[in-house]
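Listed below are the residues making up each chain.
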Amino acid sequence: MADKDTERSVEQQTREAGKPRETYGALFGDFRPGQKDSSDNPMMRSKEAAKRPLPKRFYKDVAVGEEADDAGNLLYSVLLDGRKVKSPAKKTVAVPNRMLAEALVAEWAAQETEINPATMPLSRLVNSIRDGVEEARPALIDEIVAYLNNDFLCYPATHPERLVQRQKDHWHPVLNRAENALGGRFVQASGILAVEQSPVMGARLRALWGDLDIFQLGAVHSIMTLTGSALLAFALWDGFLDADAAWNAAMVDEDWNIELWGEDEEATKRRAFRRAEYDAAVLVIQAFRG
């Protein structure tokens, strides 16, 4: 028999526990950017969330709200029956871009009888950005520069020739663009031994991204971790690659293995989940590009 608490709405449960009725962020856990545990992996977050009973949908209407921050800047929030959605850290889920707010509203509106955070990648991303990016900014920038200095695009295969050529087709334009933009040259490894890159490009990227608003910084960091490449995140942010081109470049080796050995059902599910998270981060970048 199901626990009776799981059959009551989140609104009822939070009210009975003496918590504000706005505390809807509990649905999404307490993931913070930069933390190094199982929740740092998107599939582990999904599996952990799946262990918990999904709460029932407790709201009827979803809408975009407007408010001003302390500096007088207009922010757009998500309203469930007129009440603001809160993040796990109890911050109002508000964004400085109406297009993003409307996409968040669409995720909440798409929930049917239950609320499933696994189907709400943008909400998960925005929650983590609101709750942790500003505090983690130095660590995130350090991690991005570390990725850049060891980017997998600098470690191409040496054989077979078809794979070598495919990597060149997808990766060399990205490397060339980054070299022009960041003012240096990337050393290509000729084997498995690590190569040392000039610190010039890392310093330039640090200067470019050090003052990014929290939403763009959180989005490029997410794209980097999902693709495994700071260079691809930079190419997408820079507008050099579109979303599909950057994703395809990230998946060259994976697609090659699928061609050789066939698809694995679980791997396909993981890839679809990663793509959904990637698309959410891309949406944030596109929203700020205008």
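Note that the structure is a prediction, hence the values are computed from the model and not measured.

Peer 1: Looking at this structure, how should I read the side chain of Thr227?
Peer 2: Looking at the secondary structure, you find Thr227 in helix 8 (residues 214–227). A distance of 2.8 Å separates the side chain of Thr227 from the backbone oxygen of Ile223, its partner in a polar contact. Of the polar contacts made by the side chain of Thr227, one reaches the backbone nitrogen of Ser229; its length is 3.3 Å.

Peer 1: Explanation requested: the environment of Arg206 in the structure shown.
Peer 2: Mapped onto the elements, Arg206 comes out in helix 7 (residues 199–209). Overall, Arg206 belongs to the partly exposed group, its relative accessible area being 36%. Taking the C-alpha atoms as reference points, Arg206 and Asp142, separated by 64 residues in sequence, lie 8.2 Å from one another. Not counting chain neighbours up to four residues away, the residues in contact with Arg206 comprise Ile141, Asp142 and Val145.

Peer 1: Looking at this model, I keep getting lost on the pairing of strand 1 (residues 62–68). Mind explaining?
Peer 2: Bridge count between strand 1 and strand 2 (residues 74–80): seven bridges; the pairing is antiparallel. Considered in strand 2, the bridge of Gly65 is made with Ser77. Turn length for the strand 1-strand 2 hairpin, with the two strands adjacent in sequence and antiparallel, is five residues, and the turn residue Gly72 shows positive phi of about 90°.

Peer 1: When you look at the environment of Leu241 in this model, what are you seeing that I'm missing?
Peer 2: With respect to the element layout, Leu241 can be found in the loop between helix 9 (230–237) and helix 10 (243–250). Using a relative accessible area of 14% as the deciding quantity, one classes Leu241 as buried. Once the C-alpha coordinates of Leu241 and Val174 are considered, the two residues, 67 residues apart in sequence, prove to be 8.2 Å apart. Sequence-distant contacts of Leu241, that is, excluding residues within four places in its chain, are made with Val174, Leu232, Ala235, Leu236 and Ala246.

The rules behind each value
Just so you know, the residues in each chain are numbered from 1, in the order the chain's sequence is written. Under the rules for a predicted model, residues below a pLDDT of 70 receive no local features and side-chain atom pairs below 80 are neither given nor counted, while totals for whole chains, interfaces and linings still include all residues. Note that water and hydrogens are dropped before the side-chain values are worked out from all heavy atoms of the structure. Numbering goes from the N terminus for both helices and strands, where a helix is a DSSP run of H or I of at least four residues and a strand is a run of E of at least two. Pairs of N or O atoms are called polar contacts if they sit within 3.5 Å, as long as, within protein, a hydrogen donor faces a hydrogen acceptor (for residues adjacent in sequence, only side-chain-to-side-chain pairs). The rule is simple: take the accessible area with a 1.4 Å probe, protein chains only, and divide by the maximum for that residue type; under 20% is buried, over 50% is exposed, in between is partly exposed. Here, residues are in contact when the closest pair of their heavy atoms is within 4.5 Å. Here the rule is simple: two strands pair whenever DSSP picks up at least two bridges between them.

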